[in-house]
Amino acid sequence: MKPCLVLAFLLFSLVCLMYQASDACSCAMSHPQDAYCHSDIVIRAKIVGKKLMNDGPFGTLRYTVKQMKMYKGFEKIQHVQYIYTHDSESMCGVKLDINKYQYLITGRVHDGKLYTGLCNFIERWERLTLAQKKGINHRYQLGCNCRIKPCHSLPCFVTSKNECLWTDMLSHFGFPGYQSRHYACIQQKEGYCSWYRGMSARDKLSVNTTDP
């Protein structure tokens with residue numbers, strides 16, 4: 001191969017890599033409770049098939065699911081049979097294993113179809129903590145009027161009674177952190193929101209907005 005052709009090929013490859021990097025999916029970190037509250041649909045399901053739908057410039061991947069349980073969204077879709085995502089991960093499309101795991105899947109409904117992606121909360125069911133499973137079942141719903149306020153650097157404070165200060169980004173270098181895995185932000189009788197950790201009947205603990 002001539003040197004000029006080699007150089008041209010290398011430049012083309014570099015441009016492609018730069019384009020992919022600049023076009024990569026970018027998502028803000030989100031507490032599972034926020035993901036639950038801001039989603040139209042929350043289900044536990046097993047992926048049983050997939051098909052590439054050529055209905056756009058990047059393509060849409062349609063997963064066929066076996067729904068195990070619906071936690072939110074009965075008024076939107078009574079039973080989910082398909083979920084849709086971008087085929088490209090650079091467009092925040094999500095890759096799920098077929099006939100292997102049960103997943104917790106959150107997403108939004110558009111034209112009667114459930115769409116999800118890397119910026120939605122998707123996790124294998126067995127990897128969720130007991131507190132997260134209880135949150136999905138009922139606790140997160142109790143806190144949808146609360147605001148989980150991220151703290152990225154000190155100092156940071158709550159500024160209203162409906163806020164819980166989320167400090168995972170400070171105490172744990174990366175997501176998910178301790179609050180994400182074990183706490184829900186729940187509205188109390190007085191109208192204030194505070195972190196709540198539910199454990200055994202003898203060890204239920206309610207903490208203030210700055211703890212943990």
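Residues numbered from 1 in each chain as written. Predicted model: local features only at pLDDT ≥ 70, side-chain atom pairs only at ≥ 80, totals over all residues. Heavy atoms only, no water.

Another point: the side chain of Arg 44. Along the chain, the position of Arg 44 falls in strand S1 (residues 41–53). Polar side-chain contacts of Arg 44 include one of 2.7 Å to the side chain of Gln 102. Filtering out sequence-adjacent residues up to four positions away, Arg 44 remains in contact with Lys 66, Gln 67, Met 68, Lys 69, Tyr 71, Gln 102, Tyr 103 and Trp 125. (Helix = DSSP H or I, 4+ residues; strand = E, 2+ residues; numbered from the N terminus. Polar contact = N/O pair within 3.5 Å; in protein donor to acceptor, adjacent residues only side chain to side chain. Contact = heavy atoms within 4.5 Å.)

With that settled, consider the state of the cysteines. One pass over the full model with this rule turns up six disulfides. Disulfide partner of Cys 37: Cys 144, at an S-S distance of 2.1 Å. In this structure the cystine formed by Cys 37 and Cys 144 twists about its S-S bond by roughly -90 degrees; its chirality is therefore left-handed. Of this pair, Cys 37 sits in helix H2 (residues 32–37) while Cys 144 sits in the loop between helix H3 (130–142) and strand S7 (147–150), and the two are 107 residues apart along the sequence. Take Cys 37: its relative accessible area is 15%, and that puts it in the buried class. Cysteine pairing for the chain (bonded cysteines numbered in sequence order): 1-4, 2-5, 3-6, 7-12, 8-9, 10-11. (Disulfide = S-S within 2.5 Å. Buried < 20%, exposed > 50% of the residue type's maximum accessible area, 1.4 Å probe, protein only.)

With respect to the element layout, Ile 98 can be found in the loop between strand S3 (82–86) and strand S4 (102–110). Classification of Ile 98 as partly exposed rests on a relative accessible area of 30%. Sequence separation between Ile 98 and Ile 47 is 51 residues, and the spatial gap between their C-alpha atoms is 5.1 Å. Every residue in contact with Ile 98, bar those within four places of it in the chain, is listed here: Ile 47, Val 48, Gly 49, Lys 50 and Tyr 63.

The next thing to look at is the nonpolar core. Of all hydrophobic cores here, the largest spans 17 residues; its most connected members are Ile 43, Ile 47, Val 80, Ile 83, Leu 96 and Ile 105. Residue assignment for this core shows that the elements contributing at least two residues are S1, strand S2 (60–72) and S4. Ignoring sequence-local partners within four residues, the contact set of Ile 47 consists of Tyr 63, Thr 64, Val 65, Ile 83, Leu 96, Asp 97, Ile 98, Asn 99, Tyr 101, Tyr 103 and Ile 105. The next biggest cluster of nonpolar side chains, apart from the first, holds 13 residues, and it includes Ala 35, Cys 37, Tyr 71 and Tyr 140. (Core = buried A, V, L, I, M, F, W, Y, C linked by side-chain atoms within 4.5 Å.)

Let us now look at the pairing of S1. Here S1 pairs with S4 via six bridges, running antiparallel. The residue of S4 that forms the bridge with Ile 41 is Gly 107. Note: S1 against S2, eleven bridges, orientation antiparallel. Its bridge partner being in S2, Leu 52 is matched across the sheet by Leu 61. (Pairing = 2+ DSSP bridges.)

Quick look at H3 now. Structural remark: α-helix, 3.6 residues per turn; residues separated by three or four positions point the same way. The first and last C-alpha atoms of H3 sit 17 Å apart over 13 residues, in line with the 18 Å expected at 1.5 Å per residue. At Ile 136, H3 is deflected by roughly 70 degrees, the largest bend along its length. Residues of H3 that are buried include every one of Ala 131, Gln 132, Gly 135, Ile 136, Arg 139 and Tyr 140, and no others. (Expected span 1.5 Å × (residues − 1). Bend = angle between axes of the 7 residues up to and from the residue.)

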